[in-house]
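Each chain, letter by letter, is given below.
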Amino acid sequence: QVHLVESGGGSVQAGGSLKLTCVASGYTFSNYWMGWFRQGPGKEREGVAAIYVGGGIYADSVKGRFTISRDKAKNTLYLQMDSLKPEDTAMYYCAAGGFALGQTAYKYWGQGTQVTVSS
C-alpha cells in the first residue's frame, strides 16, 4: 500500500515562510517525478513544483519564492515556501508516480496540508 503524508502547513502572515514535508512509504520513488500541487477554495487544482533527476520546475506564480527538494534515501519531499502571499492560500498536495506538473498523470496522492496566508 502506497502512502504519501504531508505536514508543515499552517497559518502565517503575508511575507512569512513555511516548509512542507511529504513522506512516502510502500514504494520507492527515487526514479520518478514527485510534485506539489495546490487547490484554493473554489478553484481548480494547479501544479506548483515538481522534481526529478534534472532538478526542479516551478509554476510561474511561485518561481523565485518556492524551492522543491528531495531526500531520496528517506523518500521524503520538501517544499520551502518564502515570501508567502494571500493568493498562496490553498490545500497543498504531494504527488508521486507522474510527470512534471501534469496532475492527471500522477498515480499517488497525499491527503493534503492546509496553508493559509493572511494579509
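Our structure's up above, just so we're on the same page.
Residues numbered from 1 in each chain as written. Predicted model: local features only at pLDDT ≥ 70, side-chain atom pairs only at ≥ 80, totals over all residues. Heavy atoms only, no water.

A. The sheet that holds strand 8 (residues 76–81), seen in detail. The four strands lie next to each other as 1-3-8-7, forming an open sheet whose pairing is antiparallel. Of all the strands in the sheet, just strand 1 (3–7) and strand 7 (66–71) have a single pairing partner and so form its edges. Pairwise comparison of adjacent strand axes, ignoring direction, gives a mean angle of 15° for this sheet. Where strand 7 lies against strand 8, six bridges are found, and the strand directions are antiparallel. Residue Ile68 lies in a different strand from strand 8, and its bridge partner there is Leu79. (Pairing = 2+ DSSP bridges. Helix = DSSP H or I, 4+ residues; strand = E, 2+ residues; numbered from the N terminus. Axes fitted to C-alpha atoms, helices over the stretch in contact; angles between N-to-C directions.)

B. Summary view of the state of the cysteines. Inspection of every chain in the model, using the stated rule, returns one disulfide. Disulfide partner of Cys22: Cys94, at an S-S distance of 2.0 Å. Taking the sign of the S-S torsion, about -75° here, the bridge from Cys22 to Cys94 comes out left-handed. In this pair, Cys22 sits in strand 3 (residues 18–25) while Cys94 sits in strand 9 (residues 90–98), placing the two residues 72 residues apart along the sequence. You can call Cys22 buried: its relative accessible area is 0%. (Disulfide = S-S within 2.5 Å. Buried < 20%, exposed > 50% of the residue type's maximum accessible area, 1.4 Å probe, protein only.)

C. Molecular detail of the environment of Gln1. Relative to the helices and strands, Gln1 is located in the segment before strand 1. When its relative accessible area of 77% is taken as the criterion, Gln1 is described as exposed. For the pair formed by Gln1 and Thr76, sequence separation is 75 residues and the distance between their alpha carbons is 17 Å. Dropping the residues within four chain positions of it, Gln1 is found in contact with Ser25 and Gly26. (Contact = heavy atoms within 4.5 Å.)

D. Geometry of the packing of aromatic side chains. With the rule as written, the count across this model stands at five aromatic pairs. Seen in terms of ring centroids, Trp33 and Tyr52 are 5.6 Å apart; in terms of plane orientation they differ by 15°. Their pairing is stacked. One end of the pair, Trp33, is in strand 4 (residues 33–39); the other, Tyr52, is in strand 5 (residues 46–52), with 19 residues separating them in the sequence. Residue class for Tyr52 comes out partly exposed when judged on its relative accessible area of 31%. Centre to centre, the rings of Tyr106 and Trp109 are 6.1 Å apart; their planes meet at 65°, and the pair counts as edge-to-face. On the basis of relative accessible area, Tyr106 is assigned to the buried category, the value being 5%. In this structure Trp109 comes out as partly exposed when scored by relative accessible area, which is 24%. Following the ring pairs from residue to residue traces out a cluster consisting of Trp33, Tyr52 and Phe99. Taking the ring centre of Trp109 as reference, the NZ or CZ of Arg45 above it sits at 3.9 Å. (Phe/Tyr/Trp six-rings, centres within 6.5 Å; stacked < 30°, edge-to-face > 60°. Lys NZ or Arg CZ within 6 Å of the ring centre and 35° of its normal.)

E. View of the pairing of strand 4. Counting buried positions along strand 4 gives six out of seven residues, so the element sits mostly inside the fold. In terms of strand pairing, strand 4 meets strand 9 through seven bridges, oriented antiparallel. Across the sheet, Phe37 pairs through a bridge with Tyr93, a residue of strand 9. Where strand 4 and strand 5 come together, five bridges link them in antiparallel fashion. Each residue of the ladder has a partner; that of Met34, found in strand 5, is Ile51. Between strand 4 and strand 5, which pair antiparallel one after the other, the connecting turn spans six residues, and Gly42 there sits at a positive phi close to 70°.

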